[in-house]
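What follows is each chain in one-letter form.
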There are 2 protein chains.
Amino acid sequence: MKTKMDDQLSYIGVVRSTLKNLDDCPLQESEQAPGAVIEISDEYLVGIRSLNPGDQIVLLTWLHQADRSVIECYPRNEVSAPTLGVFATRSPNRPNPIGIHNVTITSIKNNVIAVDALEALDGTPVIDIKPVI
Amino acid sequence: MKTKMDDQLSYIGVVRSTLKNLDDCPLQESEQAPGAVIEISDEYLVGIRSLNPGDQIVLLTWLHQADRSVIECYPRNEVSAPTLGVFATRSPNRPNPIGIHNVTITSIKNNVIAVDALEALDGTPVIDIKPVI
């Protein structure tokens, strides 16, 4: 299948976090991810004006340090287990490394959205925000 | 923020559906979306080998007919209501038109995955499959 120019993601913002490298990352969201902030780029600022503290959102990120060549992998890094097709796993290493994070907004000030717990490295591009419905 | 070549999505497959154009689409997943199939491209076939009928998955699609210039919009097309910033809505028209679909696999045969209910047009590119955890 051909890839066209319209398949290119736009970054709407960036994650700022105390998680500075992959070794800092818990394996799943529930395992003590720290709070973090999202800095929204000026051109997308109008898009967040209807969000409020307390809102539950689905944050989509582009896990830019992932290995996009991975098609099969070990479950949760258990190298003694049989490999799985990557689409049966939540591995960040996959053809399109999109992170899906269910988080709650704790504050919004100008272009900075603070969220309660986020497993994403500092510098991770943000590609979408959707309300939980 | 600059867009680099690594921001380009890979299509892992395509939706085949009876929904042939936007007028056929319900506004939300729960409103009578029909069953559909996903055809996985040969190069990603190994990635689906651990999926099984009955599995609940999160299917990510690239809503290729969306208007990516939309930053604010009317809620559910109610043009009499005040506009909302697009990131407080589930509008398909948004900077990165990624569809998130919670579906159940009903059968898998070779590269064809059938799912129970999917609001996505025939021909919509598939970009990721994740297990529900």
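Rules and cut-offs
Residues numbered from 1 in each chain as written. Chains lettered and ligands numbered in written order. Predicted model: local features only at pLDDT ≥ 70, side-chain atom pairs only at ≥ 80, totals over all residues. Heavy atoms only, no water. Contact = heavy atoms within 4.5 Å. Buried area = accessible area lost by both parts, 1.4 Å probe. Salt bridge = Lys/Arg side-chain N within 4 Å of Asp/Glu carboxyl O. Helix = DSSP H or I, 4+ residues; strand = E, 2+ residues; numbered from the N terminus. Nonpolar A, V, L, I, M, F, W, Y, C, P; charged D, E, K, R; others polar. Pairing = 2+ DSSP bridges. Axes fitted to C-alpha atoms, helices over the stretch in contact; angles between N-to-C directions. Least-squares fit on C-alpha atoms with pLDDT ≥ 70 in both. Core = buried A, V, L, I, M, F, W, Y, C linked by side-chain atoms within 4.5 Å. Buried < 20%, exposed > 50% of the residue type's maximum accessible area, 1.4 Å probe, protein only.

A. Focus on the interface of chain A and chain B. Between chain A and chain B, the residue contacts involve 50 residues of the former and 50 residues of the latter. Taken together, both faces of the contact between chain A and chain B bury some 4800 Å²; the carbon and sulfur share is 56%. For the pair chain A and chain B, the interface holds six salt bridges. Between Asp-128 of chain B and Arg-94 of chain A there is a salt bridge, and its shortest N-O distance comes to 3.0 Å. Broken down by secondary-structure element, the contributors of at least two residues to the side of chain A that touches chain B are β3 (56–62), β5 (84–85), β6 (98–109) and β8 (125–131) of chain A. It is β8 of chain A that contributes the most residues to the side of chain A that touches chain B, five residues altogether. Along the lines of polarity and charge, the residues of the side of chain A that touches chain B split into 25 nonpolar, 13 polar and 12 charged.

B. Inspection of the sheet that holds β6 of chain A at higher detail. Residues and elements named next belong to chain A. Spatial ordering of the closed barrel is given by β1-β2-β7-β6-β3-β8, a layout of six strands whose pairing is antiparallel. Between one strand axis and the next, the sheet turns by 45 degrees as a mean value, whatever way the strands run. By the bridge criterion, seven bridges tie β3 to β6 in an arrangement that is antiparallel. In the sheet register, Thr-61 faces β6, and the bridge partner there is Gly-99.

C. The arrangement of the relation of the copies chain A and chain B in detail. Superposing chain A onto chain B takes a rotation of 180 degrees combined with a translation of 0.0 Å along the rotation axis, leaving an RMSD of 0.0 Å. Such values leave the two copies arranged in the relation of a two-fold axis. Every residue of chain A has its C-alpha some distance from the rotation axis, and the shortest such distance is that of Gln-8 of chain A, at 2.1 Å. Both copies share a contact surface, since 100% of the interface residues of chain A are interface residues in chain B too.

D. Spotlight on the nonpolar core. If you look at the biggest cluster of nonpolar residues, it comprises 24 residues, and the most contacted ones within it are Ile-40, Leu-51, Ile-113, Leu-118 and Ile-129 of chain A together with Phe-87 of chain B. Of all the secondary-structure elements, those providing two or more residues to this core are β2 (36–40), β3, β6, β7 (112–115) and β8 of chain A. Element by element, the count of residues in this core is highest for β2 of chain A, at three residues. Leaving out residues up to four positions away in the same chain, Ile-40 of chain A has contacts with Ile-12, Gly-13, Leu-45, Ile-48, Asn-111, Ile-113 and Ile-129 of chain A. Core analysis: the next-biggest nonpolar cluster, separate from the first, contains 23 residues, Val-86 of chain A together with Ile-40, Ile-105 and Val-126 of chain B among them.

Everything listed is a geometric property; what it means functionally is a separate question.
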